[in-house]
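Here's the letter readout for the chains.
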Amino acid sequence: MGASAAAGLHVVVARPCPSSSGRMFMSRTAFLRINLKGASQGLANSSSVFSIRSPCERYSSKYCRVVTRAMSGESEKRTAYGLPIDLRGKRAFIAGVADDNGYGWAIAKALAAAGAEILVGTWVPALNIFETSLRRGKFDESRRLPNGSLMHIAKVYPLDAVYDTPEDVPEDVKTNKRYAGSSNWTVKEAAESVKNDFGSIDILVHSLANGPEVTKPLLETSRRGYLAAISASSYSFVSLLQHFLPIMHPGGATVSLTYIASERTIPGYGGGMSSAKAALESDTRVLAFEAGRKGQIRVNTISAGPLGSRAAKAIGFIEKMIDYSYSNAPLQKELLADEVGNTAAFLVSPLASAVTGSVVYVDNGLNTMGLAIDSRSLATQN
């Protein structure tokens, strides 16, 4: 095998040993590369093993460690370290991206940085502003990836996940001027459009929620407001998976976003939104079984801490929640959207191939706390 191989999987086995200065040196490196370009010639002609020994050979094998990394091009000439997330060749559809400061955007960036092709579904009334901002370069700074390039969005689809099919859309919505000029934006139509344009996807991300009465206490929430929250914030995920599952490759994955209000009382987070998040988490477990058995698809959700996004500001007290989290979480630091994005990238990657049906907390550990350490009552006792 020569250095001209297009891509491969590098497995590095190394025994480090400590020197008097405390630095670690390699004792043995076994390097295995599978040449995908020559796979048709058989494994015997597509792999090679090289061994390099050093004086550290005498140290115990208990120091031995294994690291793997997918590489390509010139990088194949170098020894690989670490365990990076590689989503090259994967295609993701992220539902619920309408600006550049929410978790959906951060997830899209993380997947793009890992090599995935990005498709987004944007709420129809926000579509024009979003596409115009993209076209005029207003998001260029936030599109920048770790390697310096800009995240490329292959296509933006209009989407209103409250409606499954065109027959479900009421007449007043069809004639609403905010929907004028857009078509094929129900869940079924969006899935069909993606199939017609790209054939299939590997990753489905649900990053949308809405509760028209979110500022109302549950005791003051109407039936209509409650059901609207459930429809937009939890059943929308069920519908998306129903319609996209047939075009997802086996081994694919989905991720949604939930919130601690699903299991803890958050006064002010009303209108049925806490119930919607609880339903989303329950559905995650059920769908993990059903989609796993039907299509070998993994289903997980991320319980993210508070973020001052445009959508989150609708509840009216997001800044107070951010301050509360900073004061009481085990990790006393600001929660970054990128941290949620990176977790999502892990969950949809092969590194998480055995993880499904899980609620993964990304909130600096706030979910573990049973007592507010900045409480006035504690201050009085002290």
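Just so we're clear, the structure is a prediction, and the values are computed from it rather than from any experiment.

Novice: Any chance you could explain the overall build of the protein chain here in plain terms?
Specialist: In terms of regular secondary structure, the protein chain is built from 10 helices and 11 strands. Within the span of the protein chain, comprising 382 residues, buried residues form 46% of the whole. Looking at the protein chain alone, contacts between residues at least 24 apart form 73% of all its contacts between residues at least 6 apart. Carbon and sulfur atoms form 53% of the exposed surface of the protein chain, whose accessible area is close to 20000 Å².

Novice: Please clarify how the pairing of strand E5 (residues 91-95) should be interpreted in this entry.
Specialist: Remember that side chains alternate between the two faces of the sheet whenever the strand is regular. The buried count for E5 comes to 5 of 5 residues, which makes it a mostly enclosed element. Burial along E5 is two-sided: Arg91, Phe93 and Ala95 and Ala92 and Ile94, pointing in opposite directions, are all buried. Bridge count for E5 against strand E6 (residues 117-123) is 5 bridges, and the pairing is parallel. Opposite alanine 92, over in E6, you have isoleucine 118 as the bridge partner. Across 4 bridges, E5 lies against strand E8 (residues 201-206) in parallel orientation. In the sheet register, alanine 92 faces E8, and the bridge partner there is isoleucine 203.

Novice: I'm lost on the pairing of strand E10 (residues 298-304) in this one. Help?
Specialist: Among the 7 residues of E10, 7 are classified as buried, and the element is accordingly described as predominantly covered. In E10, alternate side chains face the same way, and those of Arg298, Asn300, Ile302 and Ala304 on one face and Val299, Thr301 and Ser303 on the other are all buried. When strand E9 (residues 248-258) meets E10, the two strands line up parallel, connected through 6 bridges. Residue pairing for E10: threonine 254 is matched across the bridge by valine 299. For E10 and strand E11 (residues 359-362), the ladder comprises 4 bridges, and the chain directions are parallel. In the sheet register, serine 303 faces E11, and the bridge partner there is tyrosine 361.

Novice: Any chance you could explain the packing of aromatic side chains here in plain terms?
Specialist: Centre distance and the angle of the planes are the two values used to describe a pair of aromatic rings. By the definition in use, this model includes 8 aromatic pairs. Arranged with centres 5.4 Å apart and planes meeting at 65 degrees, the rings of tryptophan 105 and phenylalanine 139 form a pair that is edge-to-face. One end of the pair, tryptophan 105, is in helix H1 (residues 103-113); the other, phenylalanine 139, is in the loop between helix H2 (124-135) and helix H3 (140-143), and 34 residues separate them in sequence. Here tryptophan 105 and phenylalanine 139 have matching classes, each one buried. Put simply, the rings of Phe93, Tyr157 and Phe244 touch in pairs and so form one group of aromatic residues.

Novice: Help me understand the sheet that holds E6, please; the structure alone is not making it clear to me.
Specialist: Whenever strands of a sheet pair, they do so through backbone hydrogen bonds, lying parallel or antiparallel. Strand order in the open sheet formed by 7 strands is E7-E6-E5-E8-E9-E10-E11, and the pairing between neighbours is parallel. Strand pairing shows two members of the sheet lacking a second neighbour, strand E7 (153-159) and E11, which therefore form its edges. Here the average twist between neighbouring strands, direction ignored, is 20 degrees. Helix-sheet contacts for helix H7 (residues 273-295) involve E9, E10 and E11, and the interaxial angle to E9 is about 175 degrees.

Novice: I would appreciate a short explanation of the environment of isoleucine 201 in the present structure.
Specialist: In this fold, isoleucine 201 is placed in strand E8. On the basis of relative accessible area, isoleucine 201 is assigned to the buried category, the value being 0%. Along the chain, isoleucine 201 and isoleucine 118 lie 83 residues apart, while their C-alpha atoms are 9.8 Å from each other. If we ignore the near neighbours within four places in the chain, the residues touching isoleucine 201 are Arg91, Phe93, Leu119, Val194, Phe244, Ile247, Met248 and His249.

About the criteria used
Position numbers for residues start from 1 in each chain and track the written sequence from start to end. Local features in this predicted model are restricted to residues whose pLDDT is 70 or higher, and side-chain atom pairs enter the listing and the counts only when it is 80 or higher, whereas totals over whole chains, interfaces and linings include all residues. Hydrogen atoms and water are omitted, and side-chain values are computed over all heavy atoms in the structure. For helices the rule is a DSSP run of H or I covering at least 4 residues; for strands it is a run of E covering at least 2, with both sets numbered from the N terminus onward. Throughout this description, buried means an accessible area under 20% of the type-specific maximum (1.4 Å probe, protein chains only), exposed means over 50%, and partly exposed covers the range between. We call two residues in contact when some of their heavy atoms are within 4.5 Å. Areas reported here follow the Shrake-Rupley algorithm with a probe of radius 1.4 Å; residue values treat only the protein chains shown as occluding. DSSP calls a pair of strands paired once it identifies at least 2 bridges connecting them. Only centres within 6.5 Å qualify two rings of Phe, Tyr or Trp (six-membered ring in Trp) as a pair; their planes then separate them into stacked at under 30 degrees, edge-to-face at over 60, and tilted for everything else. Each axis is a line fitted through C-alpha atoms, taken for helices only over the stretch in contact, and angles between the N-to-C directions span 0 to 180 degrees.

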